[in-house]
Structure formats: C-alpha cells, structure tokens
Amino acid sequence: MARTEQNEIFFHEASFIDENGQPQTHKIPVVQELARQGIQQLPQCFVRPQHERPSPSLPYEGPFPTINMANLLALEEPVHRSRELAKLARYAEEWGLFMLENHGIDEEVVRSVKDAVDGFFSLGFEEKKLSVGTYTSVDNLGYGRNYVKSRGQSLEWIDRLTVRVAPARDSEGLHVWPRKPLNFREVMEKYVNEARRVMDDMLVGLAEVLGLERLSFLKFFEPNESVINMRVNYYAPCPRPDLVLGINPHSDASGLTLSLQSDTTTQGLQVLKNNEWVTVTWPRGTLLVMVGDLLEIMSNGRAQSAWHRVVTQKDVERFSVALFYNPPLRAQIGPVVGDGGDGDEEVSNELNYKKVVVEDYVQNYYKVAPAKEKEDFIAFAKTNK
Ligand SMILES: O=C(O)CCC(=O)C(=O)O
Ligand SMILES: [Fe+2]
C-alpha cells in the first residue's frame with residue numbers, strides 16, 4: 001500500500017507508579033496537535049467504554065443556579081441580600097456549583113486572561129514546552145497532559161497548563177510560568193488577586209447562611225500560606241465527541257474552585273444532579289463557583305462538592321481557567337458546626353467528617369483517582385457512623 005506522508009506525532013510524557021510500585025513512563029499524544037492535523041479518526045486510546053460515553057444531555061430546564069454577587073454584598077439592601085444568601089445555601093447544598101454574575105472583576109482583566117491563554121495555546125508544541133519549565137518535585141503541575149495513572153485508562157481529550165500561583169514563593173527558583181506571551185504572569189496574578197477577594201466573600205457568605213460565625217471557613221485560608229493552583233484546561237475540537245470525555249468525572253480536591261471559560265461556547269461542563277448528567281449553561285461574562293471536597297468537610301456536609309465532568313465538541317475549541325483555592329497544605333481542617341441559630345450546641349457525634357490535614361487529603365485523592373464515584377474520594381474524611 002502506498003504510504004502518504006505521515007504527520008509527525010507529538011507526545012506528552014506521563015510518569016506514574018504502577019500497581020506493582022514500579023515507576024513507569026507513558027507517552028500520550030498531544031491532543032491539540034492531533035486536532036491541528038485535522039485527524040478524522042479518533043485514536044483508540046481516547047475511546048471510552050460504552051458506559052462511560054457521554055449520552056446526549058439536555059441543558060437544565062429552567063434557570064441554571066445563578067448568584068448575583070452584587071446582591072450578596074449589598075448590606076444596605078437587606079431584603080435582596082437575604083434572598084441571595086438563601087439561594088447561595090440552596091445551591092451549595094443541592095448543586096455544589098453555581099454561576100456567578102456581577103462578580104465585580106474588571107472586564108478588562110478577564111479579557112486579558114483570555115487573551116493570554118489564547119496567546120499561549122496558539123504557540124507550537126515545542127515552543128510551549130520551551131516556554132514553560134517543569135516542576136521537578138510536584139506532580140500534576142506544569143504544561144502537559146492530565147493526570148494519568150495506568151497504561152490502560154482511556155485518555156482525556158485535553159491539554160493543560162497548571163501553575164501554582166500562591167504562595168508565590170512556591171514557584172520562586174522554579175521556572176514554571178510561561179515566558180510567552182510576555183505578560184502571562186502579570187495578567188494572571190492581577191486576575192488571581194481579584195478572584196481571591198471573590199472567593200473570600202463566598203466563604204464568608206456561605207458560613208453566614210449556614211448559621212456559622214462569619215469567619216468559620218475563611219479562617220482556614222491563611223492569606224500568606226493558602227494555595228491557589230491555576231489550571232488552564234484546553235479542549236481542542238474533537239472528531240468524535242460522542243466517544244470521549246475532556247475530563248473524567250471527579251469532584252475537586254479544593255476548598256472552592258472559581259472558573260472562567262472561553263467565549264467560544266456556552267457549554268462543555270456537566271454536573272451530576274439526581275443521578276443525571278446535566279449540561280451547565282455558562283453565559284458569557286459569568287464565572288463558575290464550585291464547592292470542593294474540603295469545603296464539604298468544613299461544612300460537615302451541608303455544602304456538597306460537585307461531581308462533574310467535561311464533554312467535548314466537534315468543531316469548537318474551548319478552554320477554562322480554574323482556580324483551586326486551598327488552605328495551607330499542612331493545615332488541619334475539619335467540620336465546623338455552630339448552634340444552627342437555635343442556641344443548642346451541636347454535639348460531637350453529629351460530625352459526619354473527621355479532621356484531616358489538607359496535604360493528606362490531596363495525596364489520597366491522587367492515589368484514588370480516577371474515581372468511579374465521589375465516595376471513593378471523600379470517604380477518606382468521613383467518620384464511621
Ligand atoms: O473545563 C471545565 O469547565 C472544568 C474543568 C475541571 O473540572 C477542572 O479543572 O477540575
Ligand atoms: Fe474539576
């Protein structure tokens with residue numbers, strides 16, 4: 001058979017420890033490059049078993065959970081504010097995520113983040129690799145593939161860039177920020193500064209509406225030691241969206257996650273609600289807030305982390321920028337229970353979760369991932385009741 005000229009295939013390298021405790025390296029095709037080459041046939045390594053494939057999912061009927069941040073902060077409008085707070089409690093309990101409008105982050109700042117991401121992902125593969133250094137000791141950070149655990153697992157249709165933004169000293173001495181575009185770091189740090197304020201306000205609002213002291217959650221997030229990881233998820237157009245996932249189902253091992261997405265689409269993210277995958281409708285200009293496992297623990301289960309996944313689209317590229325906001329790695333967190341407003345102190349046998357050290361929780365999470373269901377992750381912090 002005559003051979004036509006082959007396109008060069010680019011690979012990310014993934015190192016992992018296999019089930020026998022042996023270090024392994026696995027080569028993973030760079031999804032963006034496959035898409036750039038216009039492949040029509042999906043490589044087998046991305047094809048999911050039948051039961052994991054995304055069946056068509058309809059957008060949620062009715063207005064998608066949305067919080068208006070301006071109302072939340074409007075102390076001089078107590079009626080608006082308490083209505084918004086009530087919604088916040090309901091969404092945190094029933095959905096684990098919601099859209100955030102009127103978030104107050106300057107439009108220009110958001111625009112510049114999207115431009116910086118576009119600038120980075122429009123570089124060639126080798127140029128991207130050269131632009132970003134590698135973390136030597138920290139797994140799952142840097143430019144590359146998503147977390148890989150074994151050779152047999154279906155690969156996710158994604159390339160991603162993860163940077164530890166805070167504490168800033170964690171990336172000192174390591175070259176981990178992209179050098180291109182030139183303003184990447186400056187733009188992202190400016191955004192993260194504003195985003196942190198939004199997340200802090202959310203933590204205060206959530207504590208308040210759950211009948212807890214205002215700083216009950218925020219107190220775990222010591223400003224100089226808390227960790228913010230920024231993950232840019234890039235999903236290239238996919239020839240067979242019906243056979244793949246952009247990201248496996250998971251909950252985030254964070255306190256809170258705050259995300260923005262590209263203007264190319266209003267879809268991509270799905271959340272499990274009443275055992276059904278629901279497509280998140282994501283209007284332009286809104287941010288997404290997600291409850292992570294650590295906040296579920298801190299709230300003794302009243303806020304529920306969202307079990308979510310990402311689907312891809314045929315001719316549409318999409319990116320999201322997720323900020324994972326965590327207490328310091330060495331911090332011990334645990335459920336905070338108040339008196340529920342009725343003056344009766346809760347007793348300790350009503351605790352559904354144990355105290356855990358953040359680092360231990362995260363380590364276990366990566367040991368378990370990819371998980372089949374949320375319980376696989378969160379069981380680590382549950383009391384045996
Ligand atoms: O792309 C998205 O909207 C979600 C990304 C996500 O779930 C993650 O980075 O943990
Ligand atoms: Fe996530």
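Since the model is a prediction, treat every value here as computed from it, not as a measurement.

Caption draft 1: A look at the overall build of the protein chain. Check the secondary structure of the protein chain and you find nine helices and 16 strands. Here the C-alpha radius of gyration of the protein chain, 21 Å, is about what a compact globule of 385 residues would show, namely 21 Å. With respect to the three principal axes, the spread of C-alpha positions in the protein chain is 80 × 50 × 45 Å. Within the protein chain, buried positions represent 40% of all 385 residues. Contacts in the protein chain between residues far apart in sequence, at least 24 positions, make up 77% of those at least 6 positions apart.

Caption draft 2: Region of interest: the sheet that holds strand S14 (residues 318–326). One open sheet holds the eight strands; their spatial order is S3-S4-S12-S9-S14-S7-S6-S5, and the pairing between them is mixed. Looking at strand neighbours, the two that pair on one side only are strand S3 (66–68) and strand S5 (142–144), the edges of this open sheet. Pairwise comparison of adjacent strand axes, ignoring direction, gives a mean angle of 20 degrees for this sheet. Pairing geometry for strand S9 (residues 256–261) and S14, over six bridges, is antiparallel. The partner of Thr-257 across the bridge, within S14, is Phe-324. The sheet strands contacting helix H3 (residues 78–94) are S3, strand S4 (97–101) and strand S12 (287–291), and the helix crosses S3 at an angle near 150 degrees. Of the strands in this sheet, strand S6 (159–166), strand S7 (227–235), S9 and S14 touch helix H4 (residues 107–121), which is tilted by about 115 degrees from S14.

Caption draft 3: Inspection of the sheet that holds strand S8 (residues 247–250) at higher detail. The four strands lie next to each other as S8-S13-S10-S11, forming an open sheet whose pairing is antiparallel. Looking at the sheet topology across the chains shown, the edges are occupied by S8 and strand S11 (276–279). Ignoring which end each strand starts from, the neighbouring axes of this sheet average 25 degrees apart. Sheet topology places strand S10 (residues 269–273) next to strand S13 (residues 308–310); three bridges connect them, and they run antiparallel. Counted as the bridge partner of Gln-270 is Arg-309 from S13.

Caption draft 4: The arrangement of the environment of His-12 in detail. Residue placement: His-12 occurs in strand S1 (residues 11–17). For His-12, a count of 22 C-beta atoms within 10 Å puts it in the buried group. Sequence-wise, His-12 and Asn-326 are 314 residues apart; in three dimensions their C-alpha atoms are separated by 28 Å. Here His-12 is in contact with Ile-28, Val-30, Gly-144 and Arg-145, once residues within four sequence places are set aside.

Caption draft 5: Expanded view of the site of ligand 1. Around ligand 1 sit Arg-231, Asn-233, Ile-247, Asp-252, Ser-259, Gln-261, Gly-268, Leu-269, His-308, Val-310, Ser-320 and Ala-322, and those are all the residues in its vicinity. Of all the secondary structure elements, the ones that give two or more residues to the shell around ligand 1 are S7, S9, S13 and S14. Looking at the shell around ligand 1 residue by residue, the classes come out as four nonpolar, six polar and two charged.

Caption draft 6: View of the UniProt feature "domain: Fe2OG dioxygenase" (unreviewed entry) in the protein chain. When the UniProt feature table is mapped onto this chain, "domain: Fe2OG dioxygenase" (unreviewed entry) is found at residues 223–327. What you have in residues 223–327 is 6% helix and 43% strand, and the ends, taken at the C-alpha atoms, are 9 Å apart.

Caption draft 7: Here's a closer look at the pairing of S9. Within S9, six of the six residues are buried, leaving the element largely enclosed by the surrounding structure. Of the strand pairs in this sheet, S9 and S12 are connected by four bridges, and their pairing is antiparallel. By the bridge assignment for S12, Ser-259 is matched with Leu-288.

Caption draft 8: Spotlight on the nonpolar core. Among the nonpolar cores identified, the biggest contains 96 residues, and Leu-206, Leu-256 and Val-289 are the most heavily contacted of them. Ranked by the residues each element gives to this core, the list is headed by helix H6 (residues 184–209), at 13 residues. Setting aside its immediate chain neighbours within four residues, Leu-206 contacts Leu-88, Ala-92, Phe-217 and Ala-303.

Caption draft 9: Spotlight on H6. Spanning 26 residues, H6 covers 37 Å between terminal C-alpha atoms, matching the ideal 38 Å at 1.5 Å per step. Immediately beyond the C-terminal end of H6, within one or two residues, lies Gly-211, with a positive phi of roughly 80 degrees.

Caption draft 10: Just H4, in detail. Here H4 contains 15 residues, and its C-alpha end-to-end distance of 21 Å stays within 8% of the 21 Å for a straight helix at 1.5 Å per residue. Regarding H4, the residues found buried are Val-113, Ala-116, Val-117 and Phe-120. Buried residues of H4, seen end-on, are gathered within an arc of 100 degrees and therefore sit on one face of the element. Away from the buried face of H4 by more than 90 degrees, exposed residues Glu-107, Glu-108 and Arg-111 are located. On its buried side, H4 packs onto helix H5 (125–131), S6, H6, S7, S9 and S14.

Calculation criteria
Residues numbered from 1 in each chain as written. Chains lettered and ligands numbered in written order. Predicted model: local features only at pLDDT ≥ 70, side-chain atom pairs only at ≥ 80, totals over all residues. Helix = DSSP H or I, 4+ residues; strand = E, 2+ residues; numbered from the N terminus. Rg over C-alpha atoms; globule rule 2.2 N^0.38 Å. Buried ≥ 20, exposed ≤ 12 C-beta atoms within 10 Å, placed from the backbone. Contact = placed C-beta atoms within 7 Å. Pairing = 2+ DSSP bridges. Axes fitted to C-alpha atoms, helices over the stretch in contact; angles between N-to-C directions. Near = placed C-beta within 6 Å. Nonpolar A, V, L, I, M, F, W, Y, C, P; charged D, E, K, R; others polar. UniProt positions renumbered as here; feature names shortened; annotations may be inferred. Core = buried A, V, L, I, M, F, W, Y, C linked by C-beta atoms within 7 Å. Expected span 1.5 Å × (residues − 1). Arc of directions from axis to C-beta.

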